[in-house]
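Spelled out from the first residue to the last, the chains are:
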Amino acid sequence: MPPRPRFTREQIIDAALGLVSEEGIEHLTARELAKRLGTSPQPIFTVFEDMKQLRGAVIAAAAERFQAYVSQAQHYTHPFKQSGMQTIMFAEEEPKLYQLLLMSESDQSVSFEEMFARHGGDSKDFIAFIMGTYGLTREQADALFQHVWIYTYGIGALVAARMCTFTEEELLIKLGVDFQAMLNYIKDGHLADETRVPEAIGQGSPVL
């Protein structure tokens, strides 16, 4: 009969996630995790085959924590805008996990949709909300969603890297202005020609 695990899978993942949240994924080693658990590395490997398998479980747990932050937006009057705020809040409160999920080099580049799905995201509710609230087609709503998400991700990266700090008021203004500008651009009919440079940008100095 194999030995009974000293720690459950959930206990090990929770300890590993805490370690990564505080120190970063590069510190997730059997020795460091065992020290946190107050044991030798051996009990870890009665539950997980190797550190690669454990790392995958930690990334999945980090994605669940991220989605828990974002899902709180559904309780607000403007859920789409609040989801951006929640994303940036996560970057501020959990910078190491934000870096792990959204700032780590990938083995292969994928489409936006694939990338978003890999991190546990589901855009269909947001797309439906945008279509219904702003009278956009599916294609228009999807373009708006992607643009705003990418803009929000960039702010989150600055925050997670401790390069910039923003007040809540500043973030609300930045997200609101970006959303409205893109909404107006789409409603003006420019989405049909994605290669067209907006006139406001095309005037004056060349785009760098």
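Residues numbered from 1 in each chain as written. Predicted model: local features only at pLDDT ≥ 70, side-chain atom pairs only at ≥ 80, totals over all residues. Heavy atoms only, no water.

Some words on the overall build of the protein chain
Short version of the rule: For the purposes of this entry, the term helix denotes a DSSP run of H or I that reaches at least four residues, the term strand denotes a run of E that reaches at least two, and both are numbered from the N terminus. For each residue, the accessible area found with a 1.4 Å probe, counting protein chains only, is set against the maximum for its type, and the residue is called buried under 20%, exposed over 50%, and partly exposed in between. Contacts are assigned to residue pairs that have any heavy atoms within 4.5 Å of one another. Using the Shrake-Rupley algorithm and a 1.4 Å probe, accessible areas are obtained, with residue cover drawn only from the displayed protein chains.
Helix and strand counts for the protein chain come out as 10 helices and 0 strands. Taking all 208 residues of the protein chain together, the buried fraction comes to 40%. Taking the contacts inside the protein chain whose residues are at least 6 apart along the sequence as the reference set, 62% of them involve residues at least 24 apart. Here the protein chain displays about 12,800 Å² of accessible surface, and carbon together with sulfur accounts for 52% of that area.

Comments concerning helix α7 (residues 124-134)
As a reminder, the rule being used: When we speak of the arc, we mean the arc of directions from the helix axis to the C-beta atoms.
Where α7 is concerned, the buried positions are Phe-126, Ile-127 and Ile-130. Burial along α7 is one-sided: seen end-on, the buried residues are contained in an arc of 100°. Exposed residues pointing more than 90 degrees away from the buried face of α7 are listed as Asp-125 and Gly-132. Contacts made by the buried residues of α7 are with α4 (79-93) and α8 (138-160). Just downstream of α7, Gly-135 is the residue with a positive phi angle, here 65°.

Description of the side chain of Gln-86
If you trace the backbone, Gln-86 turns up in helix α4. A relative accessible area of 1% means that Gln-86 is categorised as buried.

Some remarks on the packing of α4 against α8
To be explicit about the condition: In this description, a line fitted to the C-alpha atoms serves as the axis of each element, helices being fitted only across the stretch in contact, and the angle between N-to-C directions of two axes falls anywhere from 0 to 180 degrees. Roughly parallel refers to an angle under 35 degrees, roughly antiparallel to one over 145, roughly perpendicular to one between 65 and 115, and oblique to any angle outside these ranges. Crossing handedness follows the turn of the near helix against the far one: under a right angle anticlockwise gives a left-handed crossing, and clockwise gives a right-handed one.
Where α4 contacts α8, the two axes come as close as 8 Å, and the packing angle between them is 25°. In terms of axis orientation, α4 runs roughly parallel to α8. Relative to α8, the crossing made by α4 is right-handed. Note on element contacts: α8 touches α4 through Phe-145, Val-148, Thr-152, Ile-155, Gly-156, Val-159 and Ala-160, opposite Phe-80, Gly-84, Thr-87, Ile-88, Ala-91 and Glu-92.

Remarks on the nonpolar core
Where we set the bar: In this description, a nonpolar core means a group of buried Ala, Val, Leu, Ile, Met, Phe, Trp, Tyr and Cys residues linked to one another through side-chain atoms lying within 4.5 Å.
With 58 residues, the main nonpolar core has Leu-28, Leu-33, Leu-54, Leu-144 and Phe-145 as its most contacted residues. Sequence-distant contacts of Leu-54, defined by excluding residues within four places in its chain, comprise Ile-12, Ala-16, Leu-33, Ile-44 and Phe-48.

A few points about unusual backbone geometry
Positive phi values are uncommon outside glycine, yet Arg-162 reaches one of about 60°. Within the secondary structure, Arg-162 sits in the loop between α8 and α9 (168-187).

Concerning α9
In plain terms, the rule: Between the first and last residue of a helix there are one fewer steps than residues, each counted as 1.5 Å, and that sum is the expected span.
In this model α9 runs 28 Å from its N-terminal to its C-terminal C-alpha over 20 residues, within 8% of the 28 Å that 1.5 Å per residue would give. Leu-171, Leu-175, Asp-178, Phe-179, Met-182, Leu-183, Tyr-185 and Ile-186 are the residues of α9 that are buried. Seen from one end, α9 has its buried residues packed into an arc of 165°, which puts them on one side. In α9, the exposed positions angled more than 90 degrees off the buried face are occupied by Glu-169, Ile-173, Val-177 and Lys-187. One or two residues past the end of α9 sits Gly-189, with phi positive at roughly 90°.

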